[in-house]
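Observations on the model geometry
If you want the building blocks of each chain, they are given just below.
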Amino acid sequence: MIGIGILGAATIAPAAILKPAALRSDCKIVAVAARDAVRARNYAGENDIPDICDSYEALIARPDIDLIYNALPPHRHADLTIAALEAGRAVLCEKPFAMNAPEAARMVDAAQRTGGVLIEAFHYRFHPAFQRVFDIVHSGQLGTIRRIEAAFSVAIPYRPGELRHTPGVGGGALMDLGCYPVHWVRTLVGVEPEIVSARAECERPGVDTSMEAEFRFPGGETGSIHTTMAPDTKFEAWIRVDGTRGQLKITNPIHPHRGHAITTTTGGTSRTVTAPGQATYDHQLAHVMDVLCGRSDALTGGRDAVGNMAAIDAIYRAAGLSPRGM
């Protein structure tokens, strides 16, 4: 039985860890820690969490916790993830992995030094829909891959205290939303990109409300990403792959369990399929448990997590902005 502790009274945690854990018999939620005990107590009561801790450090130190779910904003990912690893805990760390690539590298170094498990919570990666796309791209069915474009946008209006509009804690459209299309493109190509150009739109100094970037890869492939959290933005999430023999497009790779379509076009003929599966977060926790039990290697984290943050840092610089925390 794997005991799970939650860092942060996060709005994502019920879907990302509480509900998936409730469906399993090999893990359980033990406790939560928040900024203060009152917040933790209220959150625990609302979500049927058995216990609270009065500090993040106390949660990490509990001997009945094996896995820490770090759901805090990015500015608390590095220090608390490293502390958890040094305490012998496995860590599932929310995206974006860190504030920047140097922080990510320190986290990965800590995992290697301690022998601990450290996984980045890119929940989409563990769903059969993305695996189907990955398999098609790498099967040769589309020929040689020439270009991959991806977009993810959701309206996140500004309000005082909104973390996604606060650069000091890791806010910005690229960090919160754009980290996904960056990861989609990098994962499908399989090597690290050069950032050719980037353009940001900022409603407030240093906070990218929108970002687009152009990639180039060592094999000659090109790519692009687009993301925006501007008010009145309509939800969009898609990946498009162009090869010498055909094209592929998946709609809604972020939450395929809510409806998605994978369309391939080769030889003038199009075919649309779906990949049955549970919620992405159910597949994510199943993967974490497989890694903890030695049944699988981690699909995210490690060099991949450092590479994603390095690409994000480079996009910010290319757009004339500073990487977060620098």
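Above this text is the structure in question.
Here we summarise the structure given alongside this text. None of the values given here were measured: they were computed from a predicted structure.

Quick notes on the overall build of the protein
Across its full length, the protein holds nine helices and 14 strands. Oriented by its inertia axes, the alpha-carbon framework of the protein measures out at about 60 × 45 × 40 Å. Residues counted as buried form 55% of the 326 residues belonging to the protein. Sequence separation of 24 or more characterises 66% of the internal contacts of the protein that already satisfy a separation of 6 or more. Total accessible area on the protein is roughly 13,400 Å²; 50% of this is exposed by carbon and sulfur atoms. Positive and negative side-chain charges of the protein, numbering 32 and 35 respectively, have mean locations separated by a distance of 3 Å.

Things to note about the side chain of Asn-70
Counting through the fold element by element, Asn-70 comes out in strand β4 (residues 67–70). By relative accessible area, which is 0% here, Asn-70 ends up buried. For Asn-70, the side chain forms a polar contact with the side chain of Thr-81, separated by 3.1 Å. Discounting chain neighbours no more than four positions away, the residues touching Asn-70 are Leu-7, Arg-76, His-77, Leu-80, Thr-81, Val-91, Leu-92, Cys-93 and Glu-94.

Regarding unusual backbone geometry
Cis geometry is found at the peptide bond from Lys-95 to Pro-96, where omega equals -15 degrees. On the secondary structure map, Pro-96 appears in the loop between β5 (90–93) and α5 (101–114). Even without glycine at this site, Asp-48 takes up a positive phi of about 55 degrees. Here the phi dihedral of Asn-252 falls at roughly 60 degrees; this positive angle occurs in a residue that is not glycine. Its place among the elements puts Asn-252 in the loop between β12 (246–251) and β13 (261–266).

Quick word on the sheet that holds strand β10 (residues 222–228)
Spatial strand order, β8-β9-β10-β7-β11-β12-β13-β14: eight strands in an open sheet with mixed pairing. Of all the strands in the sheet, just β8 (194–204) and β14 (269–273) have a single pairing partner and so form its edges. Across the sheet, the mean angle from the axis of one strand to that of its neighbour is 10 degrees, orientation sign disregarded. Sitting on the sheet, helix α6 (residues 128–139) is in contact with β7 (145–153), β11 (236–243), β12, β13 and β14, with an inclination near 15 degrees to β13. This element, helix α7 (residues 173–189), spans β7, β9 (207–216), β10 and β11 of the sheet and lies at about 160 degrees to β7.

A look at the sheet that holds strand β1 (residues 2–7)
Spatially, six strands are ordered β3-β2-β1-β4-β5-β6 in an open sheet, and the strand pairing comes out parallel. At either margin of the open sheet sits one strand with a lone partner, and together these are β3 (51–53) and β6 (118–120). Adjacent strand axes in the sheet meet at a mean angle of 25 degrees, parallel and antiparallel pairs treated alike. Two strands pair when backbone bridges link them, and β1 and strand β2 (residues 27–33) are joined in this way by six bridges, in the parallel orientation.

Concerning the pairing of β13
Summarising the sheet, β12 and β13 pair through six bridges and their orientation is antiparallel. Residue pairing in the sheet places Gln-247 in a bridge with Thr-265 of β13. Two elements, β13 and β14, share five bridges in a ladder whose sense is antiparallel. Along β14, the bridge assignment pairs Thr-265 with Ser-270. Between β13 and β14, which pair antiparallel and follow one another directly, the connecting turn spans two residues, one of which, Gly-267, has a positive phi of 60 degrees.

How each quantity is defined
- Residues numbered from 1 in each chain as written.
- Predicted model: local features only at pLDDT ≥ 70, side-chain atom pairs only at ≥ 80, totals over all residues.
- Heavy atoms only, no water.
- Helix = DSSP H or I, 4+ residues; strand = E, 2+ residues; numbered from the N terminus.
- Buried < 20%, exposed > 50% of the residue type's maximum accessible area, 1.4 Å probe, protein only.
- Contact = heavy atoms within 4.5 Å.
- Areas by Shrake-Rupley, 256 points an atom, 1.4 Å probe, with all protein chains shown as cover.
- Lys, Arg positive; Asp, Glu negative; His and termini not counted.
- Charge placed at Lys NZ, Arg CZ, Asp CG, Glu CD.
- Polar contact = N/O pair within 3.5 Å; in protein donor to acceptor, adjacent residues only side chain to side chain.
- Pairing = 2+ DSSP bridges.
- Axes fitted to C-alpha atoms, helices over the stretch in contact; angles between N-to-C directions.

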